[in-house]
Each structure stands twice: as structure tokens, then as C-alpha cells.
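# Close look at the chain arrangement
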Amino acid sequence: MKTTKFYLNACMLFIVLIFCASCEDELDKYPTIAYAPCEDTNVTVDINIISDFECQANIELPGVEAVRNPAEIQINKSKFVGKYIDGTGAWDALIIDYGAPIDLSTYNTFKLKVKTVIEGTLIVKLEGGTSIPFEKTATVTGDNGWTEYSFDFSDQFNQNHNKLVLFFNAGVDTGGTDVYYIDDLKYESSVDPCVGVAPDLSIVSDFDCQMNQDIPEVEKVATPNKNDINSSKFSGKYIDEVGAWDAVIIDFGAPIDLSLNNVLNIKVFAPVAGILKAKLEGGTSGGIEVDAQITNTGVWEEYTFDFSSQATENHQKIVLFFNAGVDTDGTEVYFMDDLKFTELSDPCIGVATDLSVINDFNCQQNSTIPGFIPNEIVANPDLNAANPSDAVLEVTDNGTDAWDALVLDYGGVIDLTTKNYLRIKILSTRAVPLLAKLEGGSSGAKEVWGDITTTDAWTEYIFDFSDQAAENHQKVVFFFNGGQTDGTASDIYYIDDIRFSEFDPCFGVSIDTSIANDFECQQNYDVVCCIETVIIDNPDVSGINTSNSVLEVTDNGTDAWDALVLDFGAVIDLSVKNQLKIKILSTGTVPLLAKLEGGSSTPAEVWGNIDTANVWTEYTFDFSGQAAENHQKIVFFFNGGETNGTATDIYYIDDIEWQ
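Residues numbered from 1 in each chain as written. Predicted model: local features only at pLDDT ≥ 70, side-chain atom pairs only at ≥ 80, totals over all residues. Heavy atoms only, no water.

## A short note on the overall build of the protein
Our working rule: Strands here are runs of E lasting at least two residues and helices are runs of H or I lasting at least four, both read from the DSSP assignment and numbered beginning at the N terminus. Atoms counted for the radius of gyration: C-alpha only. Globule rule: 2.2 Å times the number of residues to the power 0.38. Each residue is placed in one exposure class: buried if its accessible area under a 1.4 Å probe, protein chains only, is under 20% of its type's maximum, exposed if it is over 50%, and partly exposed if it falls in between. Contact between two residues is taken to exist if any of their heavy atoms lie within 4.5 Å; hydrogens are not considered. Note that His is not counted, nor are the chain ends; the positive residues are Lys and Arg, and the negative ones are Asp and Glu. Every charge is mapped onto a representative atom, which is NZ of Lys, CZ of Arg, CG of Asp or CD of Glu.
Each helix and strand in the protein was counted, giving two helices and 41 strands. Taken against the 2.2 N^0.38 rule, which gives 26 Å for 659 residues, the C-alpha radius of gyration of the protein at 39 Å runs more than 25% over that of a compact globule. Viewed in the frame of its principal axes, the protein has a C-alpha envelope of about 135 × 85 × 60 Å. The buried share among the 659 residues of the protein stands at 43%. Long-range pairs, those at least 24 residues apart, make up 74% of the contacts in the protein between residues at least 6 apart in sequence. Charged side chains of the protein number 36 positive and 104 negative; the gap between the two group centres comes to 10 Å.

Okay, here's the thing in C-alpha cells:
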């Protein structure tokens with residue numbers, strides 16, 4: 001059987017050889033099938049296609065060779081594609097130079113197909129024109145299959161770029177042999193995200209889908225420096241012209257509906273600090289202005305302007321003055337976004353009642369003011385860190401009447417059991433006597449005298465009523481310029497935040513920045529690293545340290561260099577005070593290293609020793625040699641350089657200061 005099979009196979013091979021030899025001339029008439037990249041002689045050029053390496057090879061791509069598609073499958077069945085070999089450098093690129101601005105007005109989503117075995121980052125960048133370069137990234141999978149990548153450049157619709165640059169495996173040095181097959185490089189129109197979005201006429205303009213009012217002199221651009229406050233795609237660009245009162249004028253052409261939404265909001269990215277003035281005008285009502293102070297520059301901030309008083313008024317224009325009243329050189333660029341009117345919100349919603357507050361004229365109005373001297377809740381005339389409240393009480397006192405009074409009626413017994421120190425913030429133009437009085441309950445009235453000592457600045461005053469802890473009072477009474485008649489009939493005082501609190505040992509203590517931290521009233525610089533600490537009651541109130549509070553430090557004595565770090569956040573002034581002192585209570589004697597670092601100068605170290613156990617001792621480190629240097633941190637190494645301790649060595653420290 002095997003012999004017969006072999007014989008038949010041999011015969012078939014002989015027949016095939018004879019046939020092929022006899023028709024060799026005929027085979028020349030049927031050559032291998034070949035393709036031309038484009039056999040269509042009537043192609044209409046699509047300028048939005050950069051190249052498909054066939055009939056729409058509209059722009060020459062340097063360094064890219066048109067080759068047969070190595071895989072006519074999946075999403076790419078083209079006969080021809082481009083072959084690009086990435087160079088050895090980390091930033092070798094395929095540069096497509098248009099030689100003129102790329103029109104991104106409508107077709108602004110760039111797409112291409114890629115086939116490669118190289119996984120990495122693909123950066124596509126627009127550059128080469130008068131606009132700031134702009135780039136997008138994508139991760140190339142490297143699975144050796146065709147994948148299409150898309151890059152949305154719609155926010156560059158009005159920018160000027162001449163080049164499209166592709167970085168394959170961006171930022172990575174290669175051997176110069178990485179092959180990328182590319183195809184169908186083109187621009188498509190972006191999907192309009194605003195399709196189906198209903199107009200919201202409370203929005204003046206968000207420069208995206210709600211551009212309900214024309215804003216002259218403001219150009220729609222890609223939003224720069226996005227942050228949590230403003231992450232939208234587009235915003236408005238405004239160049240403040242020369243002059244103190246150049247303005248953005250938004251004319252509605254009809255009365256603005258302020259009946260419900262009457263708080264103007266605007267997000268601003270400002271180049272300089274100054275006043276942003278918002279004004280309503282142009283109708284039958286008189287113009288009205290509200291100011292906001294721009295303090296943070298180079299970052300998006302939102303500002304609000306309360307026009308709730310204009311709910312029934314007639315205005316047709318919003319006028320915005322950036323850096324109002326300041327002459328400029330005409331080059332300051334502002335960006336704005338999300339101009340809209342919103343409803344005035346109640347800031348007190350969700351605020352729990354605190355009955356220790358008699359009245360703050362905002363959310364804690366826990367008392368009534370039953371007549372007597374004239375008073376009115378008004379906007380804070382000097383809103384600052386000393387008193388950031390929006391609303392305060394304006395009191396008009398008859399300074400010729402020695403005993404006219406402001407009465408606040410609590411309407412019930414004031415709880416003085418633990419909180420019995422009366423506090424009040426006052427802004428006054430005069431330094432005068434001030435009498436505080438408790439009355440109106442079953443207990444006898446109690447008076448405490450004080451003085452308004454500071455003028456033209458918000459100042460808090462305290463009256464000690466701790467001896468009334470068990471008494472019954474329902475009213476707080478103030479006599480401004482008490483007992484005197486040397487004022488006018490209309491002396492003005494602004495007051496705020498009338499409340500009872502517990503005794504504050506730090507009240508009235510002036511900040512002394514030469515004290516880094518005493519863990520009581522002078523906690524001027526924080527412990528930021530790196531070992532466990534907690535402020536506790538002084539475990540040994542004696543000797544040189546009778547402070548109530550100290551810092552307990554838990555040091556890992558098996559770690560030679562774990563450290564306690566205090567960060568000043570700025571250069572430490574060592575010009576005069578450069579002797580570092582620290583009080584320590586330790587159970588053992590160990591080395592102690594003090595170090596200055598964190599600035600532009602070379603770190604400086606001074607070694608010392610904790611040489612006394614079980615008693616508060618002050619140690620001094622001489623840093624006079626660093627008087628002119630730049631340091632921002634103090635660092636202590638307890639048992640520095642040693643590993644002979646335990647993992648929980650305890651040290652108590654206090655009064656870290658410069659002398």
C-alpha cells in the first residue's frame with residue numbers, strides 16, 4: 001500500500017512540473033496583482049483630511065512613507081497607510097507645517113489611526129503661530145491593532161497656530177527603530193455640547209452654552225488656568241483700556257428682571273489687585289454701584305454683588321469697572337466667566353442657635369432691642385480680619401446725655417454658669433468710658449466699668465461677670481460715654497458680636513513673633529513634622545516653668561534622626577535675636593541637636609545635651625553666626641544620632657523662643 005501511494009504522488013508531481021514548464025510563457029500574461037495608492041482620477045480634495053495615504057494625501061508628512069497596510073482588518077481596511085519610524089530622542093516629532101493659521105473654527109477635533117507594538121504617550125500639539133502653544137495627550141495601547149485616537153481642540157477655535165506636531169512615546173529616549181503605522185489624519189467637527197440646552201435668562205453669559213447677552217470688547221477664548229472655581233472650556237477675555245473708568249457695558253435693551261434673582265455673580269481671573277465695581281444703570285431708576293475688592297491675582301475667584309435692594313427697580317445695563325478709578329496703561333488682561341443673577345441666599349440656613357451669643361446682628365439674633373437709643377443694622381463699614389461680619393449694629397448715642405443706654409433683652413434668664421465674660425466688638429471714632437450692666441431678672445443689677453481705648457479700628461472689649469455665675473439676669477445694657485456729657489447729640493458707634501464666653505487667659509496678649517511656640521497664648525509657628533506630639537497640662541508646674549500647658553513629645557529613641565520641626569513659613573529674623581532657647585523636662589540625659597534649615601542658606605547645626613533629668617531646664621543654642629542667613633525652619637533631634645532609647649521616649653518641652 002505504501003509503495004502504491006508513493007508512486008501516485010510521484011506521478012502527480014511529474015505532471016505538475018510538465019504543465020508549469022509548458023505554460024511558463026502564459027504566466028507572464030498574469031502578473032502578481034498590484035495596487036496604486038489612488039486610481040480615482042476625479043477626486044475632490046477634502047481640506048479637512050491631512051492624509052489618508054491614498055486619494056486624500058493632501059499634505060506631505062515629512063519622514064512618513066506610504067506603504068501597504070500590514071493589517072487590513074478591524075477599523076482600517078485601507079490598502080495604503082503611513083509608516084513612521086520614531087527617532088532616538090525623547091522629543092523627536094512628526095511636524096505638519098501648514099505655513100498659515102489652521103482653521104479650527106468648525107473642524108477642530110483631530111483624529112488619526114495608529115498601529116504599533118509600542119505602548120506610550122502620544123502628545124499632539126498646536127504651535128507655530130501667534131497664540132500660546134496648546135497640547136493634548138492620549139495613551140497609545142501598543143496592542144499592534146489599529147486604534148483611532150481623538151483630540152478635541154474646539155477651545156482653540158479662534159487661536160492662531162500654524163503647525164500640528166505629534167510626539168510618539170513622548171519624553172522617552174528610544175533606539176530609533178520604533179515603528180508606527182498611521183492613517184486617516186483628519187479634522188472633524190466637534191459635537192456641539194449645547195444642542196438641546198434651554199436658555200437660562202438669569203445667566204448673562206457663561207461663554208459656553210448660555211451666551212444670552214452680547215458683551216462688547218470681550219472675546220470668547222479658551223479658559224486659562226482652570227481650577228475648582230472655574231473649570232469651564234470657554235471664558236471671556238477683556239483688555240482694560242487706558243483710563244481710570246474704562247468699562248465693560250452689557251446693554252440688555254430692556255429692564256433687567258431683578259424680582260427674584262438679584263445678586264450678580266461673576267468669576268474673574270485678574271492680573272492686578274484693585275476694586276471691581278459693578279453698576280446697574282440705563283433705566284428709569286437711578287444708578288446703583290456695589291464694590292468688591294480683588295486681592296487674589298493670577299487665580300480664578302468668584303465675586304458677588306448684592307442688588308436685592310433693586311428688586312422692584314428699572315435698570316437696563318450692567319457696567320463693570322475693573323481696577324476702578326486707577327489709570328492703567330491699556331495692557332492689563334482680565335478673564336471673566338459665568339456672569340449671572342442668582343437669588344439672595346439665606347446665610348443662616350442650617351446655623352444652630354448659640355444662646356451664649358446675645359446678638360451678632362447676623363445669624364445669632366437671640367435678643368431684642370426695645371427702643372431707647374436709635375440703632376439700625378447696617379453693612380459693616382470696615383470689613384476686615386478684626387471683624388469679617390457683613391452686618392453690624394449702628395448705634396446713635398446722645399453724647400450730651402450721661403445715661404442714655406442701649407438695652408438688649410434676652411427674654412429669659414442668661415446662663416452665666418460657665419460663660420460669664422461679656423464680650424463686645426466696637427468701632428468708634430472716640431475714646432470714651434463704657435459701662436456694661438446686667439439687669440432685668442430676680443437678682444440685683446450688676447455693673448462693670450470699662451473704656452473704649454482704640455479709635456477707628458474694630459476692637460473687642462471684655463467685662464468680667466464671673467461673680468454673677470449663679471445670678472438671675474435677663475438684659476444686657478451698655479452706656480456709651482457713660483456718665484459723661486461732653487459728646488454730641490448724634491455720636492456714632494458700631495458694635496457687633498455681643499456674647500458671653502469662658503475666661504480666656506490669652507485675651508489681650510499681643511503677638512510676640514520672637515516666641516516660636518509656648519503652647520498657650522503664643523502659638524505663632526506650628527509643629528509640622530515628624531514625631532508624635534500633643535499639648536497637655538504641665539506635668540510639673542514648678543521651678544522655671546509654671547505654664548499651664550506644654551508639649552508632650554514622643555520620640556523614637558531607636559531612630560537616630562527622627563525630628564521635631566517647626567515651620568515659620570518665611571525667613572526667620574536672626575538679625576538681633578539669634579539665641580534659641582527651649583525648656584525641657586526629661587527623664588534621662590541625652591544629646592540634643594538644634595538645626596536651622598528650609599531657606600536659601602546652607603543648614604546650620606548646633607549640638608547640645610539634655611544634662612538634667614526630672615526637672616524643667618532651659619537650654620540655649622547660639623546661632624549668632626546665622627544673623628544674616630536665610631532659614632525658615634527650626635528642627636530638634638532628641639537623643640540625636642543615637643539608637644539606644646525606646647520607641648516611645650517621652651520629653652516635655654515649652655517656651656521655644658529667640659532671645
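Here the narrative resumes.
## Details of the environment of Leu 438
The topology assignment puts Leu 438 in strand S26 (residues 433-439). In this structure, the C-alpha to C-alpha distance between Leu 438 and Glu 471, residues 33 residues apart in sequence, is 9.9 Å. Those residues within four positions of Leu 438 in sequence are excluded, and the remaining contacts are Leu 416, Ala 445, Lys 446, Phe 465, Gln 468, His 473, Lys 475, Val 476 and Phe 500.

## Considering the packing of aromatic side chains
Basically, it comes down to this: Aromatic contacts are taken between Phe, Tyr and Trp rings whose centres are within 6.5 Å, Trp giving its six-membered ring; a plane angle under 30 degrees counts as stacked, one over 60 as edge-to-face, and the others as tilted.
The full count for this structure, using the stated rule, is 24 aromatic pairs. Taking the centre distance of 5.4 Å and the plane angle of 50° together, the rings of Tyr 421 and Phe 503 count as tilted. Remark: Phe 503 occurs in the loop between strand S30 (491-501) and strand S31 (515-517) and Tyr 421 occurs in strand S25 (residues 421-428); sequence separation between them is 82 residues. Take Tyr 421: its relative accessible area is 14%, and that puts it in the buried class.

## Here we look at the nonpolar core
What counts here: Residues enter a nonpolar core if they are buried and are Ala, Val, Leu, Ile, Met, Phe, Trp, Tyr or Cys, with the set joined through side-chain atoms within 4.5 Å.
Counting 31 residues, the largest nonpolar core has Phe 305 and Ile 318 as the members making the most contacts within it. Within the residue set of this core, elements represented by two or more residues are strand S13 (234-240), strand S14 (248-251), strand S15 (261-269), strand S16 (274-281), strand S17 (288-294), strand S18 (300-306), strand S19 (317-321) and strand S20 (332-343). Among the elements that make up this core, the one with the highest residue count is S20 (four residues). Filtering out sequence-adjacent residues up to four positions away, Ile 318 remains in contact with Val 204, Val 248, Ile 249, Ile 250, Phe 252, Ile 256, Leu 264, Lys 279, Leu 280 and Phe 341. Counting 30 residues, the second largest nonpolar core, distinct from the first, contains Tyr 525, Leu 551, Ala 594 and Trp 658.

## As for the sheet that holds S26
Definition in use: Note: two strands are recorded as paired if DSSP finds a minimum of 2 bridges between them. Note on geometry: axes are C-alpha line fits, over the in-contact stretch for helices, and angles between N-to-C directions span 0 to 180 degrees.
The antiparallel open sheet is built from four strands, whose spatial order is S24-S29-S26-S27. What marks the edges here is a single partner per strand, and that holds for strand S24 (406-409) and strand S27 (446-451). Each adjacent strand pair in this sheet contributes to an overall mean axis angle of 15°, direction not counted. As judged from the six bridges shared by S26 and strand S29 (residues 475-480), these two strands associate in the antiparallel manner.

## Overview of the pattern of salt bridges
Two side chains with opposite charge may pair up if their charged atoms get near one another. Rules: Here, a salt bridge means any side-chain nitrogen of Lys or Arg that lies within 4 Å of a carboxyl oxygen of Asp or Glu.
Under the defined criterion, the tally for this structure stands at 23 salt bridges. Asp 338 serves as the salt-bridge partner of Lys 267, at 2.9 Å between the closest nitrogen and oxygen. Within this pair, whereas Lys 267 is found in strand S15, its partner Asp 338 is found in strand S20, the two being separated by 71 residues in sequence. Owing to a relative accessible area of 12%, Lys 267 belongs among the buried residues under this scheme. For Asp 338, a relative accessible area of 14% puts it in the buried group. Glu 289 is the partner of Lys 279 in a salt bridge, and the nearest nitrogen-oxygen pair spans 3.9 Å. One end of the pair, Lys 279, is in strand S16; the other, Glu 289, is in strand S17, and 10 residues separate them in sequence.

By themselves, these are just geometric observations and shouldn't be taken as functional.
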